[in-house]
Structure formats: C-alpha cells, structure tokens
Amino acid sequence: MEQFEKQPYEEFTITADFSKNMETGETITNQSVLAFDKDGQDVSPAVTDQGSISSSGQAVRVLVQAGDQALAPYKITFRCSTSSGHKWELDVKMKVKEI
C-alpha cells in the first residue's frame, strides 16, 4: 500500500493513477474517495475535501486536509468505474505527524 505523511495544518492534492490496470482509451466515468481512521471509522468529510474529488483520463484526485496523529494512520480509498465497465480500487495510507 502506498503511503505518505503530513502535518495536520497541511492541505494538498493526492492522486490515484489507475492507468496500469486500464486498457488504452478506457476512461473513468464515476469516482469516489473515502477515508477511515485507525479504528475503521469513516472520517471522509474531516480529512478529505469531498467537493474536490475529480478525475482526468485514468486518475482520480482529492484534496487531503487536517488529520489527528492519535487517529492515524488513515486509509484513503479511491474507487472508480470505467467506460469499459470495470471497477477499480486503490488504498493509500496517510500518516499524520505533528513535528
């Protein structure tokens, strides 16, 4: 599982690239991003800007924000369906560290 580290104040966009799984010319037609804390609680609105979710070609993007070191690591789950009728999922671990 890919992972990254951030501080609670930081906000930036992360991208899930599905191109390794997709056929040439296949595009994303629907996408979602969920976030779960270390206890499995859905914290999507707290650590992701749900209004920023977008796709382009074969990638999905979301703005990550906030986070609490005590609730980390978070699992961010990208899901998409495609023009060929496929469904793909990619999980990314987000660590939060106050330095």
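You'll find the structure just up there.
Report follows, based on the coordinates. Note that the coordinates shown come from a computational prediction; the quantities given were computed from them, not determined experimentally.

1. As for the overall build of the protein
Inference 1: Secondary structure assignment for the protein yields one helix and seven strands.
Inference 2: Going from N to C terminus, the protein has its helices and strands arranged as β-β-β-α-β-β-β-β.
Inference 3: Whereas a compact globule of 99 residues would reach a radius of gyration of roughly 13 Å, the protein reaches 14 Å, a difference of no more than 12%.
Inference 4: With respect to the principal axes defined by its C-alpha atoms, the protein has extents near 45 × 20 × 20 Å.
Inference 5: Across the 99 residues in the protein, those meeting the buried criterion constitute 34%.
Inference 6: Here the analysis covers contacts within the protein between residues at least 6 apart in sequence; of these, 64% occur between residues at least 24 apart.
Inference 7: Approximately 5,700 Å² of the protein is accessible, and the part contributed by carbon and sulfur atoms is 45%.

2. Looking at the pattern of salt bridges
Inference 1: Under the definition given, this model contains two salt bridges.
Inference 2: Measuring nitrogen to oxygen at the nearest pair gives 3.5 Å for the salt bridge that ties Lys-38 to Asp-39.
Inference 3: Using a relative accessible area of 45% as the deciding quantity, one classes Lys-38 as partly exposed.
Inference 4: For Asp-39, a relative accessible area of 52% puts it in the exposed group.
Inference 5: For the salt bridge of Arg-79 with Glu-89, the shortest nitrogen-to-oxygen distance reads 2.9 Å. With Arg-79 in strand 6 (residues 74–82) and Glu-89 in strand 7 (residues 87–96), the pair connects residues that are 10 residues apart, well separated along the chain.
Inference 6: Judged by relative accessible area, Arg-79 falls into the partly exposed class, the value being 40%.

3. Description of the sheet that holds strand 1 (residues 2–6)
Inference 1: Spatially, the four strands line up as an open sheet ordered 1-7-6-3, and their pairing is mixed. Each edge of the open sheet carries a strand with a single partner, namely strand 1 and strand 3 (28–36). Here the average twist between neighbouring strands, direction ignored, is 25°.
Inference 2: Taken together, the five bridges between strand 1 and strand 7 define a ladder with parallel strand orientation. Along strand 7, the bridge assignment pairs Lys-6 with Val-96.

4. A short note on the sheet that holds strand 5 (residues 59–64)
Inference 1: The antiparallel open sheet is built from three strands, whose spatial order is 2-5-4. In this open sheet, the two edge strands, each paired with only one partner strand, are strand 2 (12–17) and strand 4 (48–56). Along the sheet, successive strands turn relative to each other by an average axial angle of 25°, direction set aside.
Inference 2: Across five bridges, the pairing between strand 4 and strand 5 is antiparallel. From the neighbouring strand, Ser-54 faces strand 5, where its bridge partner is Arg-61.

What counts, and at which threshold
- Residues numbered from 1 in each chain as written.
- Predicted model: local features only at pLDDT ≥ 70, side-chain atom pairs only at ≥ 80, totals over all residues.
- Heavy atoms only, no water.
- Helix = DSSP H or I, 4+ residues; strand = E, 2+ residues; numbered from the N terminus.
- Rg over C-alpha atoms; globule rule 2.2 N^0.38 Å.
- Buried < 20%, exposed > 50% of the residue type's maximum accessible area, 1.4 Å probe, protein only.
- Contact = heavy atoms within 4.5 Å.
- Areas by Shrake-Rupley, 256 points an atom, 1.4 Å probe, with all protein chains shown as cover.
- Salt bridge = Lys/Arg side-chain N within 4 Å of Asp/Glu carboxyl O.
- Pairing = 2+ DSSP bridges.
- Axes fitted to C-alpha atoms, helices over the stretch in contact; angles between N-to-C directions.

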